[in-house]
Amino acid sequence: MKHEARSSVKMFSQTLDALSPWIALMVKRRRRFLVGALLIWLTLAAGLSLLGLSGWFITACALAGIALLLGIPSRLDVYVPGGGIRFFALLRTVARYIERLYNHDTVLRLLADLRYRVFGQLMQLDEAELRRHRASDWLGRLTADIDALDNLYLRLLMPPVVSLLVIVGVSLFIAIWLPGIALVSGGILFILWIGLTYGVGRLGFAASHRQVADQEVLRRFVVDQLQASAELIAYRSAAWHRLQVESHEEAALNNQRRLGKCVALGNSLISVVAGLLLLGVVWGGGLLVAEGTLAGPILVMALLTLLGVNEVFVQLPGAFARVGGSVAAAERLNGLGSAAPLLKEQALPPQELDIVVQAVTHRYSSSMMPALENVTFQLAAGEKAIITGHSGAGKSTLAALLTGRLVASQGEVNVGGCLPAAVSEKQRSQRIVLLTQQVDLFDASLEDNLRLGNPDASEEALWEVLEAVALDTWVKSLPHKLETPVGERGQQLSGGQVRRVALARLLLMDPSVVILDEPFAAIDQATVNTVANTLSHWLEGRTTIFFMHHGSSLLTQQVKHHWHLSAGKLGPGN
Amino acid sequence: MTEQSLTARSWLKTLATLERRRLYLAAFLGVLAGVQTVIIVVGVAWLVEQLVVFHQTPHQLVSVLALLALCVIGRGICQWGQEIISLEASLRIRRYARRQMLDKFWALGPVWLAYHQSGALATQAVENIEALDGYFSRFYTQLRIVSLLPLLILCVVLKLDYLVAIFLLISAPIIPLFMALVGMGAERVNRDQFAAVARLSAHFLDRVRGMATLQLFGRTQSAHKDVWWATDDYRQLSMRTLRLAFLSSAVLEFFASVAIAVVAMYVGFGLLGYIDYGPAASLTLFSGLAVLLLAPEFFQPLRTLSQHYHDRATALGAAESLVTILNESSIQRHAVIEPSNESIIAVLKDVSVEYATRGQVLGPVNLTVQKGDIIAISGPSGSGKSTLLALLAGFLSPSNGVLELMSPRYAWLDQQPALLHGSLADNLRLANPEADTAAMQWALDQAGLEALLSQLPDGMETLIGERGIGLSGGQAQRLALARIYLSEANFILLDEPTASLDRDTEKVVVRAMLEWAAQGRTLIMATHHPAAISAAKRHLDLRAGRLEEVRHEA
């Protein structure tokens with residue numbers, strides 16, 4: 001296995017490399033981190049004190065009771081320790097409650113920070129990468145990875161710090177009476193701490209680092225079974241495929257088994273070491289009591305404090321065995337948007353814009369065939385063109401190049417004399433617009449979705465554009481009118497309505513270049529004419545490209561050029 | 001059918017019985033570890049009394065110390081065993097459940113699958129099955145431990161001091177009631193948290209999904225800030241509910257703390273002789289210390305259970321969605337019989353197909369397919385062509401009528417051939433797992449893919465598809481042709497094989513179809529391609545679910 005061959009130094013630096021940007025993010029919240037740690041420490045300390053003090057109290061009472069029986073006068077103040085016991089019992093409960101609330105709050109704050117950071121990275125992605133992600137189940141994994149890092153704080157950062165603090169606290173406390181024993185037990189607990197953090201982390205690193213990848217492989221096999229089920233049944237190769245699924249599943253389960261053993265080892269180590277340490281203190285402390293240099297109640301207090309100490313370790317093995325998983329999640333997130341974004345230094349001229357595409361070839365890294373091959377065309381300012389072609393012919397690649405969300409691997413793309421990708425997002429988005437084939441509406445109100453086109457549009461303007469796409473009567477009939485939520489991905493609306501909202505959104509803008517990918521798809525025949533009419537008015541004077549499966553009679557009268565795109569090559573239209 | 005009445009709970013229960021022996025062994029080891037803990041704390045209490053009250057030296061107590069050390073090691077081993085064994089049980093249960101799911105997917109058939117998103121279904125078979133882990137590896141065992149260990153501890157306490165035992169009983173009035181309280185609290189925390197997190201994730205994912213649109217409208221910056229504020233708003237909302245929800249777990253903590261405090265006070269005052277009621281007078285340092293140490297142990301199993309309670313909620317949630325799929329009705333394969341005559345491939349007698357949601361889509365249809373038949377089926381989209389082919393492929397069972405179907409190995413080709421996430425060779429072997437390289441090479445040549453093969457960096461072993469080299473629609477269809485060549489199947493079903501293809505590929509596909517027809521293979525194709533139709537010996541027209549034979553050459 002790759003990771004096992006690595007030296008521990010390498011593993012350590014890999015962990016640090018992957019996690020450091022995220023830990024840096026958490027360091028910004030260090031005050032909350034400290035308060036949170038202190039609260040956990042207080043909870044644990046109150047628990048230990050409760051037991052320790054109770055032990056001392058009982059023993060002292062027993063000795064005083066015996067003395068009384070023997071008629072030896074003895075004085076024992078029962079009120080201070082009694083009050084202490086009640087205090088610690090209450091403190092433990094209250095501190096636990098506040099600690100949980102406080103740390104939960106911190107975790108949610110961190111989640112906001114993490115998402116903010118990841119979103120910032122994603123903003124830089126170009127169309128090629130966005131498309132690659134769209135194809136897979138990347139979105140689901142993205143949130144899982146962010147959650148994994150969010151857990152980092154409560155599981156990986158907090159517990160080791162707090163447990164170390166408790167070790168120090170307990171050792172110092174015992175050292176007041178038993179410095180020798182405190183030194184030895186502190187040392188043993190510290191070694192245990194190292195073993196549970198570093199040791200378990202190292203043992204489980206490879207297995208947990210692979211866990212998500214294992215799941216992905218398994219997932220791909222299941223998707224294969226589902227998508228190719230017709231072929232697998234027809235060719236009688238279902239059993240062959242199942243054999244492959246099972247061998248990968250077995251590997252994944254073996255990996256989990258290894259990880260589980262690692263955690264179990266850590267857990268039983270805690271119980272054995274803490275138990276033997278306790279017996280050791282019974283021995284050592286017993287010797288001192290026999291010598292008469294140590295009071296009985298103090299011994300019992302030390303013993304009971306140590307008895308509770310294993311509670312501070314219980315979270316460590318489970319968390320540290322999975323360090324590899326957190327590192328893998330961080331590595332995946334770090335890998336997003338690694339390419340340096342282009343400098344946005346060009347500015348579009350104020351007048352109308354022309355389009356010049358010169359010998360453009362674009363090749364996606366994952367594809368053998370170029371998506372566009374030696375495409376050349378020109379469109380003077382204000383001219384219109386139809387480009388027909390099947391899906392997959394290269395239309396969306398061309399649209400991405402013209403809107404500056406992709407840079408061609410060869411050749412030149414110029415809009416108004418500028419490379420669109422080098423123009424600032426703000427200016428580009430106002431001057432060059434694209435109606436994509438797949439329309440994205442956001443899970444917000446109708447109004448918010450319209451205002452995406454122009455945040456400052458007046459309400460009249462909104463109604464105007466709704467009328468232009470023949471949606472005004474429908475919106476007026478809705479109980480919440482413009483405030484109607486459209487649902488996730490616009491699911492509350494029909495396909496045709498979504499399309500028309502997207503068109504209305506464009507009509508709110510004042511661009512120089514308009515690219516429309518199948519503008520009338522999913523719109524019913526009755527409304528197409530109305531919409532086409534307003535659209536052609538609005539398009540007057542704007543440089544326009546229509547992408548269509550087939551030439552449409554609705555718009556051809558004002559279109560000067562007609563080209564056909566087939567397998568990335570542009571030719572004359574028919 | 002019993003299958004229909006499967007619920008999440010009953011399914012989990014059935015799964016647990018599969019590994020009952022391991023799960024119970026794990027619980028037994030857990031109880032054994034608990035018993036050893038009892039021995040250790042009682043032993044330590046006894047040792048303390050010997051040292052402090054009776055002034056023994058540790059050297060005189062060495063045998064007891066050694067016994068306790070053995071218990072400590074034994075407890076470690078038991079805990080280790082409990083974890084390992086319950087993990088093993090969980091692994092085996094998950095493996096079984098996953099295979100049950102995968103088998104169900106076969107049983108539901110390609111037609112059902114076509115109406116469902118494969119990504120979502122894969123989540124069921126992978127993530128949701130994994131979500132069952134905690135229930136079997138932790139919760140199930142702990143629940144068994146909880147029902148026994150506190151009782152054992154109570155017995156020991158009863159022996160030492162019955163007043164403390166009564167107090168423990170009162171503070172955990174009736175254990176099931178107590179657990180219900182904890183459970184309700186935990187479930188509520190879980191539910192609230194889950195809902196808040198789900199809403200949060202939905203907002204975030206919504207914006208990420210629409211990133212291209214945000215870029216196009218120049219709104220990435222404002223959405224960026226939005227992401228932070230939305231998360232923060234939800235934080236404030238969910239904190240309000242959590243303030244209440246966390247209270248219930250605080251109750252458990254409170255009982256455990258108060259139990260220690262009360263026992264300590266009672267024992268202390270008893271030892272001082274302030275209490276002369278009941279067993280207090282006979283308290284010693286040994287019995288007092290022992291009951292003090294046993295009090296938290298009494299609550300420990302419950303606290304552990306409450307920590308694992310969310311495992312149960314998670315597993316139930318996952319099981320619920322898994323069970324809905326397991327409850328779907330499968331294809332009735334047993335309803336299909338073999339034709340009596342060997343020269344007949346299929347006989348349809350008054351066969352019709354109806355779906356609950358779409359009503360009758362095909363039929364009644366009568367058709368006999370002979371060996372060597374070349375049949376073209378035409379008809380407008382939605383007339384039931386695909387349904388008829390699915391029937392002949394055995395992907396569907398008829399709702400009415402009789403279907404006799406021979407089940408040879410056959411080839412299947414539709415508009416969108418499936419690509420496996422694997423190498424080119426894997427994608428070919430799908431049609432014939434035993435094929436050697438030479439045969440695969442030949443099949444690729446036949447399908448006109450020799451040029452592609454020579455370009456691939458790792459030849460036949462190059463990964464293709466989403467994770468490797470992307471293929472165009474035309475290349476994918478040629479690959480599907482190569483599969484048919486490789487399979488040498490004599491019965492070939494083709495569902496609109498030339499739709500949405502570029503002209504070159506279309507030519508290759510039609511040529512292959514004519515070639516197979518000439519070789520005397522049985523071909524059934526749903527197609528509109530004139531050349532394919534004219535090459536067919538029989539031409540059937542399907543309109544609104546009714547079949548009409550346009551032409552039948554002898």
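Bear in mind that the values here come from a model prediction, so they are computed numbers and not experimental data. (Residues numbered from 1 in each chain as written. Chains lettered and ligands numbered in written order. Predicted model: local features only at pLDDT ≥ 70, side-chain atom pairs only at ≥ 80, totals over all residues. Heavy atoms only, no water.)

K.L.:
Explain the domain arrangement of chain A to me, please; I cannot follow it from the model alone.
P.N.:
Where interface size is given, it is often the accessible area lost as the parts come together that is meant. All names here are of chain A. Domain annotation of chain A identifies domain 1 (18–209 + 259–339) and domain 2 (355–572). A C-alpha centroid distance of 56 Å is found between domain 1 and domain 2. Across the contact, 4 residues belong to domain 1 and 6 residues belong to domain 2. Summed over both partners, the interface of domain 1 with domain 2 comes to about 460 Å²; 51% of that surface belongs to carbon and sulfur atoms. Area buried by domain 1 at its contact with domain 2 is led by Glu127, Ala128 and Arg131, which between them contribute 78% of it. (Domains from an automatic or database assignment. Contact = heavy atoms within 4.5 Å. Buried area = accessible area lost by both parts, 1.4 Å probe.)

K.L.:
Would you explain the confidence of the model for chain A in this entry?
P.N.:
Detailed reading of predicted coordinates is not advised where the pLDDT is low. A residue-level look at chain A finds 94% of positions with pLDDT of 70 or above and a mean pLDDT of 84. Here helix α1 (residues 2–5) of chain A stands out as the element of chain A with the lowest mean pLDDT, 47, in contrast to helix α9 (residues 238–291) of chain A, whose mean of 92 is the highest. (pLDDT = per-residue confidence, 0-100. Helix = DSSP H or I, 4+ residues; strand = E, 2+ residues; numbered from the N terminus.)

K.L.:
Before we go on, may I ask you to explain the interface of chain B and chain A in this structure?
P.N.:
On the chain A side, the residues contacting the 132 residues of chain B number 136 residues. Both sides of the chain B and chain A interface together cover about 12600 Å² of buried area, and 69% of this is carbon and sulfur. Of all residues in chain B, the largest losses of buried area upon contact with chain A belong to B:Trp106, B:Leu216 and B:Phe217, amounting jointly to 7% of the total for that side. B:Arg98 is paired through a salt bridge with A:Glu249; the nearest N and O atoms lie 2.7 Å apart. Taken together, the links from chain B to chain A amount to 30 residue pairs in polar contact (both at pLDDT 80 or more). Top element by residues in the side of chain B that touches chain A is helix α10 (residues 220–272) of chain B. It accounts for 31 residues. A per-class count over the side of chain B that touches chain A returns 75 nonpolar, 30 polar and 27 charged. (Salt bridge = Lys/Arg side-chain N within 4 Å of Asp/Glu carboxyl O. Polar contact = N/O pair within 3.5 Å; in protein donor to acceptor, adjacent residues only side chain to side chain. Nonpolar A, V, L, I, M, F, W, Y, C, P; charged D, E, K, R; others polar.)

K.L.:
When you look at the pairing of strand β7 (residues 522–526) of chain B in this model, what are you seeing that I'm missing?
P.N.:
Each regular strand displays side chains that alternate between the two surfaces of the sheet. Residue and element names in this part refer to chain B. The buried count for β7 comes to 5 of 5 residues, which makes it a mostly enclosed element. Burial of the side chains of β7 extends over both faces: Thr522, Ile524 and Ala526 are buried on one face and Leu523 and Met525 on the other. Note that strand β3 (residues 374–378) and β7 share 4 bridges and pair parallel. Following the sheet pairing, isoleucine 375 is matched in β7 by isoleucine 524. (Buried < 20%, exposed > 50% of the residue type's maximum accessible area, 1.4 Å probe, protein only. Pairing = 2+ DSSP bridges.)

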